[in-house]
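For reference, the chains in residue letters:
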Amino acid sequence: MDVPFWKKLTAALLFVGLLFVPYLIRLSESANLDAETAANRESSMERYGFYLENRADELGIRFTHQRSDLDPQLDHIEAQIASVGASVSITDVNMDGREDIYLTSSAIGTPNALFVQQPDGQFTESASSFGLADVNTAELGVSMGAIWGDMDNDGDEDLFLYRWGTPTVYENMGDESFFRMVANNGLPRHVNANTALWTDVNRDGILDLFLGGYYHEDVNLFHVTSTRLMPDSYEYATNGGLNYLFLGRGDGTFEDVSKEFGIQVDRRWTLASTAADLNNDGYPDLILANDYGVDQIFINEEGRQFRESGEEMGIGFAPKSGMSASVADLYGTGEYSIYISNISEPGVLMQGNNLWVATGKREEVPSYQNIAGSVGVERGEWGYGGLLTDLNNDGYPDLYLANGYISDEPGTDYWYDYAKVVGGHKEIIIDAKNWPAMNGRTFSGYQRNKIWLNSGSGKFREVGAAVGGTEITDSRAVAMIDLHKDGSQDLVVANQHQPVLVYHNHQEPDRKWIGFRLEGSQSNRSAIGAEVLIHWDQRVSRQTVHGGNAFSSQSQRALLFGLQDTKTVERAEIRWPSGVVQILNEPETGTYHTVLEPSSLNGSRLLDVSRPSDGATTSNESYSPDAIKTSILPTPSNL
Amino acid sequence: MSSTQILQPLRLQSLPKTMIGPLLITGLLMAAHLSFGILDTWSKLFTAIGATVLTEQVLHRFMTGSWRNLSSSYVSGISAGILVRSPLFWPFALTGAISIASKYVFRYRGSHIWNPTNFGIVVMLILASDHMAVLSIQWGNNMWAMAVIWLVGLFTIYKVNRFHICATYILAFLAFAFLRSGVTGELFLAEIAPLTGPMYQLFVLFMITDPKTTLPTKRGQIVVAVLIAFTEMIFRFFEAVYAPFYGLFIVGPISIFVWHWLQDRKNTVS
């Protein structure tokens, strides 16, 4: 081309301009970050409505997770295989009305911890006296997580402990002791499980169990017979552990219905799970975050079976590394969005996290679109637990994301060797002995957790640097707990091979809130799967009681809604798993309402409970079934 | 990658020559995406294609006064859409724009000296690695899609008489992997693992065989293939994940300069 010089110069200038684009974008991002970092506690509370402060020591919660010590054949990559197991679950273990905290450890011989809250707000470690400390043994395996639910409807919370080993139920005897249910309880002998949840899939009033396998169940990571135990592909793996569904019998035993219910359709590497009624048919659906592959949605078909519908719903197609699954009504529409965290490492692997929002309905199931990028919650790091909770009580759930994989020798990096192997053929990647030794190198370590505030208008803003709560840790599980029952959404963060953090949430005092403690009667007594929809300020906010959520965590069962500065709630609608819908008119704000599920009256399903004038809606008091004033029969679609 | 030029000699008389490249790479993309879902979203692919097509048309019109056939920029856009991995949109657009713009800025004796996509990828890795990565994982274990890619690629390469470049590079890579294994103590299998992944399949089949940026003689092409593998080995010793791209980025233009210098000297002597 015979081109005039000025044209060449113009093209060159354009080219140079293109090269400056990343710099300008980074400049813009760092300008925002500096402004955020400059904030302090007072200005943070004024600007964002809250501030997080780690008060684990002051509260008496001192616990350090210990990672597993695996078979010597895996020594060279033990740090990455034994990279999970730090979990947290919130329960009221002694039914004294105060939330307690259970934390797991993952090395044989190390104890789990149960921190029981005392009347003065301090916590006392009591796992040994409850019989829940020495549960990591060579015989049973090591803890990966714990979930609580009243499996026998006797009024107290029982424990299901999932392990790399034998999954075990511990029955709460009601006298501050637990009885380990062993043998002939219907549970498998060995599962390398990294997720589980209580749910009532057939709404019979008895809790059922979902259990997700990660490594193949034939693999014993403490005594391996073959090193061919790694995933056979980085994003299309087909050799993970089986998933299970057990129907509860109400006596601590279970019936394995995994195959009949269509749960064991493949062998993905399930790392996290949660349940919610996505298609509004009254039955809980299952959302699975799968490592090394696509995520899955199992639609519950009237409690008879599940249908894997992830691809049909737009979710289960592009494979990533699913690490956590959680749902929330993010925009006050009464519809659940789904957040699934993945892995992003600049320059090496940029999967981005997924935020799926419902965009319509396709053949009886909602269709979803990933809007994480457009709303600003896509770029995490090595993500684990992503908890959707309303940190500033403005009525819109925010996002706390646990980050950080393995913080080892500073200044070192395992990514090159990792990328080399995971790009290889399955015959290479599947065999642990082909994986280069880590030799104490850091692997996506020394990362900060992230906090994104939901503006409610469609955008999220990262504020971690300003509001606290983002120490550099290898964080795994995050659970919400209202430590002082004052409506502030405090957090417990379990860290791998590191001490636990307990963040007290300093709330801006003018923020309003309302809470609900539900207790089932026809439904399971823990009310797991029950939903509360509050109508306020011309919008509706919806939450469900979870029996396990995000990554290896379970938040407090009592539901907590932020109301910003709104003092009144028009009504609260409680959808019990039994099908009963209960209406509470103008429930008082600034308190928890303990609500007992009313008995069914003459076949009526919708119950209207007006707020008693005598103040019966105060915390820890209950609506009496006598207060039921009207009954309306709904159509099935109302349920 | 300018696979359009590679594919033009194919005797597929029923199709216009400029359509062969785009159709083949579209077929490869569809096979991989429909079987494995390699694309996060279609919109990011379209962003990359839009950027390359727009940049090509604007620059070509500006520089020459005429419109450019879209096939080359379309192929570059698809390449960027496959290779770039980012949750953001702008890295796809910018990679495409830089790739095409490089063709109009860095020219030597009437031709560009870098494979456009290779240039765009490397520049983005240098300038924007905190916002993007490059495809480096397996597409899956079902081998039929991979077999399609290999068969179509090798068939094309064979028809355009460039099979020796691929073969030389692969043999050199294996030899240097053996050497690396001996030096680092890592297993040989771990060292050759990347070669079995899709990033290398695209790199080997299309990028290093780009006729616009390879030497005209068979001997020269073989030497350059070995040098690329050698340079890559050096980068691998420094734990560069995307070593092959860096190798081609450095060796490609230098080999063109040296070849012309040698030709000039030869002509002067004769």
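Residues numbered from 1 in each chain as written. Chains lettered and ligands numbered in written order. Predicted model: local features only at pLDDT ≥ 70, side-chain atom pairs only at ≥ 80, totals over all residues.

Some words on the confidence of the model for chain B
Residues and elements named next belong to chain B. With 89% of its residues at a pLDDT of at least 70, chain B reaches an overall mean of 86. Under a pLDDT of 50 for its full length, residues 1–13 has, in the predicted model, 42 contacts with residues more than four places off or in other chains. Listed scores for the predicted complex are pTM 0.89 and ipTM 0.88. (pLDDT = per-residue confidence, 0-100. Contact = placed C-beta atoms within 7 Å.)

Focus: the interface of chain A and chain B
Taken together, the 44 residues of chain A in the interface contact 42 residues of chain B. Put simply, the parts of the chain that give the side of chain A that touches chain B at least two residues each are helix H1 (5–37), strand S21 (349–350), helix H6 (372–375), helix H7 (415–422) and helix H8 (426–429) of chain A. Take the side of chain A that touches chain B: its biggest share by element is nine residues, from H1(A). Considered class by class, the residues forming the side of chain A that touches chain B number 27 nonpolar, 10 polar and seven charged. (Helix = DSSP H or I, 4+ residues; strand = E, 2+ residues; numbered from the N terminus. Nonpolar A, V, L, I, M, F, W, Y, C, P; charged D, E, K, R; others polar.)

What about the nonpolar core?
By size, the foremost hydrophobic cluster in this structure holds 258 residues, and its most contacted members are A:Ile101, A:Phe160 and A:Val492. Excluding anything up to four places from it in sequence, A:Ile101 contacts A:Ile61, A:Val88, A:Ile90, A:Phe115, A:Phe123, A:Ile481 and A:Val492. (Core = buried A, V, L, I, M, F, W, Y, C linked by C-beta atoms within 7 Å. Buried ≥ 20, exposed ≤ 12 C-beta atoms within 10 Å, placed from the backbone.)

As for the environment of A:Ala183
All names here are of chain A. Position of Ala-183 among the secondary structure elements: in the loop between strand S9 (178–181) and strand S10 (191–199). Exposure remark for Ala-183: the 6 C-beta atoms within 10 Å place this residue in the exposed category. C-alpha separation for the pair Ala-183 and Gly-386, spaced 203 residues apart in sequence, amounts to 35 Å.

Focus: the sheet that holds strand S16 (residues 296–301) of chain A
All names here are of chain A. Pairing within the open sheet is antiparallel, and its four strands lie in the order S14-S15-S16-S17. Looking at which strands have only one partner, the edges of the open sheet turn out to be strand S14 (269–276) and strand S17 (305–308). Along the sheet, successive strands turn relative to each other by an average axial angle of 25°, direction set aside. Note: S16 against S17, four bridges, orientation antiparallel. Within S17, the residue paired with Asn-300 across the bridge is Phe-306. (Pairing = 2+ DSSP bridges. Axes fitted to C-alpha atoms, helices over the stretch in contact; angles between N-to-C directions.)

Here's the deal with the packing of helix H3 (residues 42–64) of chain B against helix H4 (residues 71–83) of chain B
All names here are of chain B. Following both chains from N to C, one finds H3 and H4 inclined at 145°, their axes separated by 8 Å at the closest point. For the pair H3 and H4, the crossing hand works out as right-handed. Every residue of H4 that contacts H3 at Lys-44, Leu-45, Ala-48, Ile-49, Ala-51, Thr-52, Val-53 and Glu-56 is listed here: Ser-73, Tyr-74, Ser-76, Gly-77, Ile-78, Ala-80 and Gly-81. For the contact of H3 with H4, the residue count by class is eight nonpolar, five polar and two charged. (Left-handed = near helix turned anticlockwise from the far one by under 90°.)

Examining the sheet that holds strand S3 (residues 100–103) of chain A
Working definition: the strands of a sheet are paired by backbone hydrogen bonds and lie parallel or antiparallel to each other. Strand order in the open sheet made by the five strands is S5-S4-S3-S2-S34 (chain A), with mixed pairing throughout. The open sheet has two edge strands, strand S5 (123–125) and strand S34 (553–554) of chain A, and neither has a second partner.

Quick look at the pairing of strand S15 (residues 285–291) of chain A
Residues and elements named next belong to chain A. The element S15 is extensively covered by neighbouring structure, given that seven of its seven residues are classed as buried. Going residue by residue along S15, you find Asp-285, Ile-287, Ala-289 and Asp-291 tucked away on one face and Leu-286, Leu-288 and Asn-290 tucked away on the opposite face as well. Bridge count between S14 and S15: seven bridges; the pairing is antiparallel. Residue pairing across strands places Ser-273 opposite Leu-288, the latter belonging to S15. Across three bridges, the pairing between S15 and S16 is antiparallel. Bridge pairing links Ile-287 to Ile-297 in S16.

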